[in-house]
Amino acid sequence: MASLVCHSAVRLFPPVNSDRWRAVNLYTKVTYGCSPLAAMLLVAFMGGANRQEIVQLFLRKYCFEEAVTDASISTLLELRLLTQPDDYSHQKCSRLCREWSRYGWVDTADYQLATLDYPFADYAADGREIDFQRMREYVNDEPDTERSKTYPSPEDRITAPNTLCALEELSESFSSVWTTEPPLQRFTKEHCLTLMSAVFGVLKRRPLSDSPELIEAAINKTSPSGGSRHPTEAYLFACNIQGLGSGVYHFNIDNSSLDAIGDLDTSEPTLMRMFSGPMRASFRIDAFVVMTSVFDRSMWRYREPRSFRAIYMDVGHLCGTLDIVAKSLGLNCLVQHGLSEQPIAKLLGTHTLTEGVIYGAALGGSDARPI
């Protein structure tokens, strides 16, 4: 029987801009910088091995002195990167990873290991008090002033109606839109501005503090957002909208405007490369809407492993609102997650680690020409 084994919760990452490897124990939530020798030993013990045999192997094959190798093994044991095969935590993590991998949930299993015992606040007990205190601490550490995004020098800025006015343009009742398909209308510039404002615009602002330099007013939209964070930004990829030139636009909630930020190649190969999911629409497409998430907005409030949930719930609400508003305007809508992030991010000038492409939609009206 093997005398030692690499802990099943250990993940090893190669060096980046240095000679130090990175070993992460997902069970203990600790990351270590490793020498090449330590990294080699972790790999050597991955399947379990006898300690003395490994010491001799490293002497014979790699010319590491016995004392050096043995000392490194002792250090790895102290750090719980190596362990006994019958160690409870090793067995537990191994069993979870093995069972979940049967379904292809390898990364999901790692996430489960890393967050399983995270100290979430219990809102059935004193969670609300804890949460309120955390908010006060967050503000003292970092002002909460980021609510929206603006491109400083757009190629054009087209004023949209404010959200209340846009909602008044929606004459169809919710029940009729929900249960029937209103007659299709041509997708015009006016329809587009109404749509973007009604779905993504600001209904009102709600002061949160007497010190706006520390806490900016919260915003309310037609869709809810966890903690009023509203991390979603909206972009329009216009292909064939009457009265609106083709191109890439950002909806600016501060000015209630559609800001032109770039050109768009509307050839089918280019669009398919970016929008393979929305391109499956059964109707002819006039435009695409892309929804991104500015991660810092949600992460400021939800500083925990499940903060991503708020981001996806936010986008989910907006997808539902977008579909309903589009139908009320006589437009077809297909929401779809099948987007290619990198080419879209390049057009938007965004970085995938700060503002990620999350979801999209195809839109089209009557008498639409093929793209």
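Residues numbered from 1 in each chain as written. Predicted model: local features only at pLDDT ≥ 70, side-chain atom pairs only at ≥ 80, totals over all residues. Heavy atoms only, no water.

Trainee: Help me understand the overall build of the protein, please; the structure alone is not making it clear to me.
Mentor: A count of helical and extended segments in the protein gives 13 helices and 14 strands. Across its three principal directions, the C-alpha atoms of the protein cover 80 × 50 × 40 Å. A buried classification covers 47% of the 371 residues belonging to the protein. The long-range fraction of contacts in the protein, counting pairs at least 24 apart against all pairs at least 6 apart in sequence, stands at 70%. Accessible area for the protein stands at about 19,400 Å²; split by element, carbon and sulfur atoms hold 52% of it. Where the 36 positive side-chain charges of the protein centre and where its 45 negative ones centre are 4 Å apart. (Helix = DSSP H or I, 4+ residues; strand = E, 2+ residues; numbered from the N terminus. Buried < 20%, exposed > 50% of the residue type's maximum accessible area, 1.4 Å probe, protein only. Contact = heavy atoms within 4.5 Å. Areas by Shrake-Rupley, 256 points an atom, 1.4 Å probe, with all protein chains shown as cover. Lys, Arg positive; Asp, Glu negative; His and termini not counted. Charge placed at Lys NZ, Arg CZ, Asp CG, Glu CD.)

Trainee: Whenever I open this one, the pattern of salt bridges confuses me. Can you help?
Mentor: A side chain of one charge can pair with a side chain of the opposite charge when the charged atoms of the two come close. Scanning the entire structure with this criterion turns up 14 salt bridges. Two residues, E146 and R297, come together in a salt bridge whose shortest N-O distance is 2.5 Å. One end of the pair, E146, is in the loop between α6 (127-141) and β6 (156-159); the other, R297, is in helix α11 (residues 295-301), with 151 residues separating them in the sequence. In this structure E146 comes out as partly exposed when scored by relative accessible area, which is 36%. Taking relative accessible area as the criterion, R297 reaches 2% and is therefore assigned buried. Within the structure, one salt-bridge network assembled from shared partners comprises D144, R147 and R229. (Salt bridge = Lys/Arg side-chain N within 4 Å of Asp/Glu carboxyl O.)

Trainee: Would you mind showing me how to read the sheet that holds strand β12 (residues 287-294) here?
Mentor: Hydrogen bonding along the main chain pairs the strands of a sheet, whether they run parallel or antiparallel. A sheet is described by the order of its strands in space; here 7 strands give the open sequence β6-β11-β10-β9-β12-β14-β13, paired in antiparallel fashion. In this open sheet, the two edge strands, each paired with only one partner strand, are β6 and β13 (332-336). Across the sheet, the mean angle separating the axes of adjacent strands is 25° when strand polarity is ignored. Pairing of strand β9 (residues 232-238) with β12, which is carried by 7 bridges, proceeds in the antiparallel orientation. The residue bridging F237 from the neighbouring strand is F288, located in β12. Each of β6, β9, β10 (247-252), β11 (257-262), β12 and β14 (355-364) touches helix α9 (residues 189-200); the most contacted strand, β9, lies at about 165° to it. Packed on one face of the sheet, helix α12 (residues 307-328) meets β9, β12, β13 and β14 and runs near 155° to β12. (Pairing = 2+ DSSP bridges. Axes fitted to C-alpha atoms, helices over the stretch in contact; angles between N-to-C directions.)

Trainee: Would you explain helix α5 (residues 106-115) in this entry?
Mentor: Every buried residue belonging to α5 is among A109, D110, L113 and T115, and all of these are buried. For α5, the elements touching its buried residues are β2 (10-13) and α4 (88-101).

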